[in-house]
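Architecture at a glance
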Amino acid sequence: IVLGEGVTLDSGILAGPAGTVSISDETRRILLLLMENEGHPVPRAAIASIIGSGACSGRSIDMRIARLRSSLRAAGAIDLASRLRCRQGCYQFLA
């Protein structure tokens, strides 16, 4: 899957200009959900439902998003990581 900026996702491996990064299946599912809804807010409850977590509030999802941003940066997808925003309790990739 091509994510942009020369970044691809293949079986839990992010490959980009800065190298490759292995991500968990949970992180991969969050990334795909957010990319499928690029430009649109994704509620925490939707993220919680795809990772099988009943806790959609608090720091749990915030920490998963922080790990996703870190993985994107490590692969060299700096712009993509910076477009991942939290708005009114929802996450989205800004278009």
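Summary of the structure given here. Everything quoted here is computed from the prediction, not taken from an experiment. (Residues numbered from 1 in each chain as written. Predicted model: local features only at pLDDT ≥ 70, side-chain atom pairs only at ≥ 80, totals over all residues. Heavy atoms only, no water.)

Take the overall build of the chain next. Helix and strand content of the chain: four helices and seven strands. Taken against the 2.2 N^0.38 rule, which gives 12 Å for 95 residues, the C-alpha radius of gyration of the chain at 12 Å falls within 12% of a compact globule. Referenced to the eigenvectors of the C-alpha coordinate spread, the extents of the chain come out at roughly 35 × 25 × 20 Å. Per-residue burial for the chain yields a buried fraction of 42% across its 95 residues. By element, 53% of the accessible surface of the chain is carried by carbon and sulfur atoms, the whole surface being about 4800 Å². A distance of 8 Å separates the average location of the 11 positive side-chain charges in the chain from that of its 8 negative side-chain charges. (Helix = DSSP H or I, 4+ residues; strand = E, 2+ residues; numbered from the N terminus. Rg over C-alpha atoms; globule rule 2.2 N^0.38 Å. Buried < 20%, exposed > 50% of the residue type's maximum accessible area, 1.4 Å probe, protein only. Areas by Shrake-Rupley, 256 points an atom, 1.4 Å probe, with all protein chains shown as cover. Lys, Arg positive; Asp, Glu negative; His and termini not counted. Charge placed at Lys NZ, Arg CZ, Asp CG, Glu CD.)

Running from N to C, helix H1 (residues 25–36) and helix H2 (residues 44–51) cross one another at 140 degrees; their axes reach a closest spacing of 9 Å. When the axes of H1 and H2 are compared, the pair comes out oblique. Relative to H2, H1 is oriented so that their crossing is right-handed. Residues Glu-26, Arg-29, Ile-30 and Leu-33 of H1 form the contact with H2, whose participating residues are Ala-46, Ile-47, Ile-50 and Ile-51. Taken together, the residues of the contact of H1 with H2 break down into six nonpolar, no polar and two charged. (Axes fitted to C-alpha atoms, helices over the stretch in contact; angles between N-to-C directions. Parallel < 35°, antiparallel > 145°, perpendicular 65-115°, else oblique. Left-handed = near helix turned anticlockwise from the far one by under 90°. Contact = heavy atoms within 4.5 Å. Nonpolar A, V, L, I, M, F, W, Y, C, P; charged D, E, K, R; others polar.)

Moving on: the pairing of strand E4 (residues 19–22). In the sheet, strand E3 (residues 13–16) pairs with E4 via four bridges, with the strands oriented antiparallel. Bridged to Ile-13 within E4 is Ser-22. Between E3 and E4, which pair antiparallel in sequence order, lie two residues. (Pairing = 2+ DSSP bridges.)

Closest axis-to-axis distance for the H1/helix H3 (residues 59–75) pair is 10 Å, and the angle between their directions is 85 degrees. With respect to each other, H1 and H3 are oriented roughly perpendicular. In this structure, H1 contributes Glu-26, Thr-27, Ile-30, Leu-31 and Leu-34 to the contact, and H3 contributes Arg-64, Ile-65 and Leu-68. Taken together, the residues of the contact of H1 with H3 sort by class into five nonpolar, one polar and two charged.

Let's shift gears to the nonpolar core. Counting 27 residues, the largest nonpolar core has Leu-14, Leu-31 and Leu-34 as the members making the most contacts within it. Mapped by element, the contributors of at least two residues to this core are strand E2 (7–10), H1, H2, H3, helix H4 (78–82) and strand E7 (90–93). Per-element accounting of this core gives the leading share, six residues, to H1. (Core = buried A, V, L, I, M, F, W, Y, C linked by side-chain atoms within 4.5 Å.)

Relative to the assigned elements, Asp-62 resides in helix H3. Setting aside residues no more than four positions away along its own chain, Asp-62 makes contact with Arg-44 and Tyr-91.

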